[in-house]
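# Report on the structure
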Amino acid sequence: MDVLEECISIPKLSSYAGWVVDHVLPHSQENLSPSETSTSSRSTSGLDQPSFVPRSPIRSLTFSPASPGTPPPTNGTKDKHESHHTEPLALQSSRGIKVEGCIRMYELVHRMKGTEGLRQWQEEQERKVRALSEMASEQLKRFDEQKELKHHKEFQDLREMMEKSSREALGQQEKLKAEHRHRAKILNLKLREAEQQRLKQLEQERLRREEGQVRLRSLYALQEELLHLNQQLDPSNQHKDPLKVDLSAFQTRGNQLCGLISSIIRATSENGFPTAEDQAVAERALQEMWDLLTSAKACEDKRRQDEEEAQVKRQEAQMQQGPEVHKECPAPSQGPGGKQNGLQVKVQDSTMQWYQQLQETSSQCVLAFEGLTSSKDSQIKKIKMDLQKAATIPVSQISTIAGSKLKEIFDKIHSLLSGKPVQSGGRSVSITLNPQGLDFVQYKLAEKFVKQGEEEVASHHEAAFPIAVVASGIWELHPRVGDLILAHLHKNCPYSVPFYPAFKEGMALEDYQRMLGYQVKDSKVEQQDNFLKRMSGMIRLYAAIIQLRWPYGTRQEAHPHGLNHGWRWLAQILNMEPLSDVTATLLFDFLEVCGNALMKQYQAQFWKMMLLIKDDYFPRIEAITSSGQMGSFIRLKQFLEKCLQHKEIPVPKGFLTSSFWRS
């Protein structure tokens, strides 16, 4: 950079340039030879060209009188100086030209030196750049070689590691193959053993099923024979049978034996095939039935013998006292109402008449709207569907959400039964659309109430109270609906009468099971748990109806079917022989729902009845309950003992309080 600056900068004269021109250049000129002088003259004449030697301001500085190198002139030399004025001027002019030429030469030499230095510097820099570039290229090559070597080593290590892993994997694979072959051998042995065991089990199962089917057919035959023998003990068939004695006690035991056989068959239908123990129990029951029949015949023979002896004695007495004296033979030892040992064998006649009357009412109602249901007219079918939806959908919407919602449902049902149009499915529906509409709606409405008890209440016990209070209110305003509710309830749950249907000679077993309340589909009877669940739901609905009244009614008349009917049902169920599993379940459901209301209504009489159940009825239930059916009996016993201990029947869960009707 310094060299470049020297080349670019303009040369400058020193302050001593004038002194040099005055003192140094003249002496050097005198010493020159003539040839050099001529050369200098030529050079000067050459340099004196205006195109090459411009005028320089240095001349004024060089020949100025005030130049620092010239001593001031004295007075003695002044004239001499003035006399030679013209000659020094010419000399001074040639010297300036020479000096200026020297300066130009110096500038040219200086510039050439700067150019040469710059060229050399550039060449040096280029050499350095080439050297640096070659060095960088070599370093880059060395770096690439090192990198390639590193990659090669890494690849070599990776390949060696993979080969090692492959060898290990192959070794492990061989080891696993050996283990697999060993396990396969063991597994094949186990599979052969398992297959042999399975075939053996299948054979055993086949034999067991064959034996079970044989036992099941034997059980059905035993049941049929048992029912036939029990039919001979039925007092209603005594006019067909030569036996004339009172067979109520024998029939009670016969019914228990029939129930035992039925429970065994139900249990086996649920669990598979009967066992040898079940068959032995059934055979013992049949043998006991034969013993009962034999005892009954023995009693008949003894009674005939006694009658013959009494007849002989009467004849002898008549012969002695005269033909006017007549003595009648004593009546059989039977209490009033057909009781034996304090319990009824069959339902009371008045209750049976009431049951048959309700069923007749239901049948007449069905006949009344037969034209509506059997019509093929599409318009009438549409009316029937609209009426059915209008009757059943509100009942399905009954819940414990709010009292105001319940009142809306009640008003809608009441309006429909009163002949007012109601909205259903986006259309206006009224019973006046068809002359048979009222009968149809009343029947379907009653059927739906009982269906809700059979399904909804059976699953959610608290639902009994809102359904019951609406049913009670409709019953109060439309009594025929209440009769139809009872008819459907008695038909689906005969124990709500209470009524225990008896098996009659020639009756199909499936028909008898339907009479008992079981659902029979495709010759398959429903399971006992589901049967008890449905019966429980309907009894809970009935127990809720008899104690509830619609709160917005007039209350001028008594409840159409109040607590007195609940007391009658409880008294009659306790006057009849219990049924295994059924009686204990229904008693518990009934007392849990309306026991509190009966306690408040009958007070001391109610507690007497509870003590009667505990002391006299529990032993009868326990005697006919098998070990697998003790759950319902234990539940009833614990509930009643707790109530007797605290002298209180708790309010049932879900009971509708006054706050509910304010919501």
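Our subject is the structure listed above.
Note that the structure is a prediction, hence the values are computed from the model and not measured.

With 21 residues, helix α19 (residues 582-602) extends only 26 Å from end C-alpha to end C-alpha; this falls clearly short of the ideal 30 Å at 1.5 Å per step. Of all the bends in α19, the largest measures some 65° and sits at Cys 594. Backbone geometry just after α19 places Gln 603 at a positive phi near 50°.

Attention shifts here to the pattern of salt bridges. Considering all chains together, one arrives at 22 salt bridges under this definition. The salt bridge partner of Glu 454 is Arg 534, with a shortest N-O separation of 2.5 Å. Residue Glu 454 is found in helix α13 (residues 437-459), and its partner Arg 534 is found in helix α17 (residues 528-545); the two are separated by 80 residues along the sequence. With respect to burial, Glu 454 and Arg 534 carry one shared label: buried. The partner of Asp 589 in a salt bridge is Arg 540, with the nearest N and O atoms 3.1 Å apart. Pair noted here: Asp 589 is in helix α19 and Arg 540 is in helix α17, with a separation of 49 residues, a long-range link. By the burial criterion, Asp 589 is buried, and Arg 540 matches it.

Packed helix pairs are characterised by how far apart their axes lie and by the angle those axes make with each other. Contact pair helix α11 (residues 378-396) / helix α12 (residues 403-417): the axes reach a minimum separation of 10 Å and the direction vectors enclose 160°. Taken together, α11 and α12 sit at an angle that is classed as roughly antiparallel. You can see that α11 and α12 cross each other, and the crossing is left-handed. Here Ala 390, Ala 391, Pro 394 and Val 395 of α11 lie close against α12, whose contacting residues are Ile 409, Lys 412, Ile 413 and Leu 416. Its residues assigned to classes, the contact of α11 with α12 shows 7 nonpolar, no polar and 1 charged.

Reading the values: the criteria
- Sequence order as written defines residue numbering, which begins from 1 separately in each chain.
- The model is predicted, so local features are restricted to residues of pLDDT at least 70 and side-chain atom pairs to those at 80 or more, both for listing and for counting; the totals for chains, interfaces and linings are taken over all residues.
- Here the side-chain values reflect all heavy atoms present in the structure, with hydrogen atoms and water set aside.
- Helix and strand definitions here come from DSSP, where helices need a minimum of 4 consecutive H or I residues and strands a minimum of 2 consecutive E residues; each element is numbered from the N-terminal end.
- One less than the residue count of a helix, multiplied by 1.5 Å, gives the span that helix is expected to have.
- Bend at a given residue is defined as the angle between two axes, one fitted to the seven residues that end at that position and one fitted to the seven that begin there.
- The salt bridge criterion pairs a side-chain nitrogen of Lys or Arg with a carboxyl oxygen of Asp or Glu, the two atoms within 4 Å.
- In this scheme, a residue with accessible area under 20% of its type's maximum is buried, one over 50% is exposed, and one in between is partly exposed, where area comes from a 1.4 Å probe on protein chains only.
- Here, axes are lines fitted to C-alpha atoms. For helices the fit covers the stretch in contact, and angles between N-to-C directions go from 0 to 180 degrees.
- With respect to orientation, any angle under 35 degrees is reported as roughly parallel, any angle over 145 as roughly antiparallel, any angle of 65 to 115 as roughly perpendicular, and every other angle as oblique.
- By convention the crossing between two helices is left-handed if the near helix lies anticlockwise of the far one by an angle smaller than a right angle, and right-handed if it lies clockwise.
- When checking whether two residues touch, look at their non-hydrogen atoms; a contact exists if any pair is within 4.5 Å.
- Ten residue types, Ala, Val, Leu, Ile, Met, Phe, Trp, Tyr, Cys and Pro, are classed as nonpolar, four, Asp, Glu, Lys and Arg, as charged, and the remainder, Gly among them, as polar.

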